[in-house]
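The primary structure of each chain is shown beneath.
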Amino acid sequence: QVQLVESGGGLVQPGGSLRLSCAPISGSIFSMHVMGWYRQAPGKERELVATITSGGSTNYADSVKGRFTIARGSAKDTMYLQMDSLEPEDTAVYYCSATDRTERSWWGKGTLVTVSS
């Protein structure tokens, strides 16, 4: 059983930056096949933000390309989302996910990011 926890959310002004982290509080994400960040804004469905594979391949939603960067720690026990040039439209609860090679997935409980002046 893997339990994930996100951290790093908060209130930031438009144009600012935040760095989100995702780490396991039980189990391990070292061998996970795909890790990802998703977000859910008020009144909207959860959407993909970015994913990274065990081989390092990344994928981004068009709305965040060039502004967000997903990465895994050197020991592959943590995942990050560097968010730059934040916009009010980025306001959402951000969730991390981990998927193993059997397509089983685990989710964190989310961290709130609010972009507002």
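Residues numbered from 1 in each chain as written. Predicted model: local features only at pLDDT ≥ 70, side-chain atom pairs only at ≥ 80, totals over all residues. Heavy atoms only, no water.

1. With respect to the pattern of salt bridges
For the structure shown, the criterion picks out 5 salt bridges. With a closest N to O distance of 3.2 Å, D62 and K65 form a salt bridge. Taking the shortest distance from any N to any O, the salt bridge between R67 and D90 comes out at 2.7 Å. Of this pair, R67 sits in the loop between β6 (58-60) and β7 (68-72) while D90 sits in the loop between β8 (79-83) and β9 (92-99), and the two are 23 residues apart along the sequence. Each member of the pair, R67 as well as D90, is classed as buried. Among the ionic contacts, a cluster of salt bridges with common partners joins R39, E47, R67, E87 and D90. (Salt bridge = Lys/Arg side-chain N within 4 Å of Asp/Glu carboxyl O. Helix = DSSP H or I, 4+ residues; strand = E, 2+ residues; numbered from the N terminus. Buried < 20%, exposed > 50% of the residue type's maximum accessible area, 1.4 Å probe, protein only.)

2. Quick word on the packing of aromatic side chains
This structure, assessed with the given rule, holds 1 aromatic pair. A cation sits over an aromatic face here: R19 above Y80, 3.8 Å from the ring centre. Over the face of the ring belonging to Y95 we find R46, whose NZ or CZ atom lies 3.8 Å from the ring centre. (Phe/Tyr/Trp six-rings, centres within 6.5 Å; stacked < 30°, edge-to-face > 60°. Lys NZ or Arg CZ within 6 Å of the ring centre and 35° of its normal.)

3. Details of the nonpolar core
Among the nonpolar cores identified, the biggest contains 30 residues, and W37, L81, M83 and Y94 are the most heavily contacted of them. Contributing elements (two or more residues each) for this core: β3 (18-26), β4 (34-40), β5 (47-53), β7, β8, β9 and β11 (111-115). Top element by residues in this core is β9. It accounts for 4 residues. (Core = buried A, V, L, I, M, F, W, Y, C linked by side-chain atoms within 4.5 Å.)

4. Let's talk about the pairing of β9
When you tally the buried positions in β9, you get 7 out of 8 residues, the bulk of the element. The sheet contact formed by β4 and β9 spans 7 bridges and is antiparallel. If you follow G36 over to β9, its bridge partner there is S97. Sheet analysis places β9 next to β11, joined by 3 bridges and oriented antiparallel. (Pairing = 2+ DSSP bridges.)

5. A word on the environment of Y60
Within the secondary structure, Y60 is located in strand β6. Here Y60 falls in the buried class, since its relative accessible area comes to 17%. Taking the C-alpha atoms as reference, Y60 lies 4.3 Å from A50; in sequence the two are 10 residues apart. When residues no more than four places from it in sequence are discounted, the contact partners of Y60 are V49, A50, K65, F68, T69 and I70. A polar atom in the side chain of Y60 sits 2.9 Å from the backbone nitrogen of I70. (Contact = heavy atoms within 4.5 Å. Polar contact = N/O pair within 3.5 Å; in protein donor to acceptor, adjacent residues only side chain to side chain.)

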